[in-house]
Amino acid sequence: MGAAEAIKPLSEARTRDLATDWPIALYETLKAAGVQHMSYVPDAGHSTLIRLFNEDADVRTNVLTTEEEGVAISAGSWLGGKRSVLLMQSSGVGNCINMLSLPVQSRFPFLTLVTMRGEWAEFNPWQVPMGRATQASLEAIGLTVLRAETGADLIDTVEQAATMAFDADQQVAVLIGQRLLGKKKW
Amino acid sequence: MDRRQAVKKLLDARQGALVVTGLGSPSYDVHAAGDRDDNYYLWGAMGGAALVGLGLAQAQPEKRVIVITGDGEQLMAFGSIATIAVARPENLDLIVLDNQHFGETGMQASHTGSGIAFDRIAAAAGFAETAELRSLEEVDKLAEKLKEHAGGPRLFVLKIAAENLPRSLPPRDATFVKNRFRAHLGLATC
């Protein structure tokens, strides 16, 4: 980790330029919320967060073959006393729906951060249907869905979503708008 | 072999191990051996048992975690074999009660009667130890082996008779079972 990425406590994380440095501020926000466990299916929009968690000796991470695995792992982690977060792209939400009956019916704290595809400057039409269905699908199975379109809004949203999940036993998805993530470069 | 006898042998020797069960008959088998606070029964979320076990094993590295599930439930979690092999917990054992059928839905044949062998799949994925067991005598030896430290995840297939035994129903209140389990570990319930 370079000097520019030295981790700051949450109060100082808010002094970052959140228009550009939101991924590291997001990591600091989740750490301040007591997250010690993370599972992911990679997405370009989550790449900095995935790297920071993988480099953190205090956080257990799991790379998944499909997103719903992370829903079950998160429940197991809470059974054992650890706060977990699941990272995925909007296309993965459709894979999760039945497994989400586990946190919904058991009232497990559940927090997932979903990077959106198919909604803003999208070049791949195959991303559009699931992008369009993401919020409705999550709400249909019983999750609270929040959205953020700017870095500053995202940090606020994730901070309070972590409180709702881990202190109030809620199941929360935070959608990170594709407008914030920017156009995919390739 | 008789599934209830096999499961009871494993649980009688659990020595404080935490137990997660897959939906359907494995939940009934574990409940029939004695309802306990350190059992977590699934009544749904098919494909979730092994992975609930992984998350629990990672959060409680000083405890052994035993997942007891069926061939149908584990077939829906095929990818979990890769995820668990890569995570490489040293305190997680998967027990697949394999009757080669979907017993809850009318005994339709499953893949495990047509050449899909989870012990060989897990071995190929890099599990520390795997085996297929066909007798209660072998289960006695396994019960002792499970007490020993493992160098990584282990998976054992128990070939059991395809029969629907009288149901022994665990609580269906998932929040109650969750909170009871966490209280057993000394954790707050909300």
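Scroll up a little and you will see the structure.
Residues numbered from 1 in each chain as written. Chains lettered and ligands numbered in written order. Predicted model: local features only at pLDDT ≥ 70, side-chain atom pairs only at ≥ 80, totals over all residues.

Draft legend 1. Examining the pairing of strand β2 (residues 60-63) of chain A more closely. Residues and elements named next belong to chain A. The alternating pattern of β2 places R60 and N62 on a buried face and T61 and V63 on a face that is not buried. Bridge analysis of strand β1 (residues 35-40) against β2 gives 4 bridges, and the strand direction is parallel. Counted as the bridge partner of Y40 is V63 from β2. The handedness of the β1 to β2 crossover, carried by helix α3 (residues 47-54), is right-handed. (Buried ≥ 20, exposed ≤ 12 C-beta atoms within 10 Å, placed from the backbone. Helix = DSSP H or I, 4+ residues; strand = E, 2+ residues; numbered from the N terminus. Pairing = 2+ DSSP bridges. Right-handed = clockwise from strand over helix to strand, strands pointing away.)

Draft legend 2. Broad picture of the sheet that holds strand β4 (residues 110-115) of chain A. All names here are of chain A. Spatial ordering of the open sheet is given by β2-β1-β3-β4-β6-β5, a layout of 6 strands whose pairing is parallel. Each edge of the open sheet carries a strand with a single partner, namely β2 and β5 (144-148). Averaged over all pairs of adjacent strands, the angle between their axes in this sheet comes to 20 degrees, without regard to strand direction. Relative to β4, strand β3 (residues 83-89) runs parallel, the two being bridged by 4 bridges. Bridge pairing in β4 places M88 opposite V114. (Axes fitted to C-alpha atoms, helices over the stretch in contact; angles between N-to-C directions.)

Draft legend 3. Layout of the packing of helix α3 (residues 49-59) of chain B against helix α5 (residues 80-87) of chain B. Residues and elements named next belong to chain B. For the pair α3 and α5, interaxial distance at closest approach is 10 Å and the crossing angle is 15 degrees. It follows that α3 is roughly parallel to α5 by the angle criterion. Read as a crossing pair, α3 and α5 show a hand that is left-handed. Mapping the contact onto sequence places A50, L51 and L54 in α3 and S80, I84 and A87 in α5. (Parallel < 35°, antiparallel > 145°, perpendicular 65-115°, else oblique. Left-handed = near helix turned anticlockwise from the far one by under 90°. Contact = placed C-beta atoms within 7 Å.)

Draft legend 4. Main features of the sheet that holds strand β4 (residues 92-98) of chain B. All names here are of chain B. With parallel pairing, the 6 strands of this open sheet are ordered in space as β2-β1-β3-β4-β8-β7. This sheet does not close on itself; its edge strands, each paired only once, are β2 (39-41) and β7 (129-133). Each neighbouring strand pair of the sheet contributes to a mean axis angle of 15 degrees, computed without reference to strand direction.

Draft legend 5. Summary view of the interface of chain B and chain A. If you look at the interface, chain B gives 27 residues, while chain A gives 27 residues. Breaking the side of chain B that touches chain A down by element, the ones donating at least two residues are α3, α5 and α8 (174-184) of chain B. Broken down by element, the residue count for the side of chain B that touches chain A peaks at 8 residues, all from α3 of chain B. Split by residue class, the side of chain B that touches chain A holds 15 nonpolar, 10 polar and 2 charged. (Nonpolar A, V, L, I, M, F, W, Y, C, P; charged D, E, K, R; others polar.)

Purely spatial values, then, with no claim about function.
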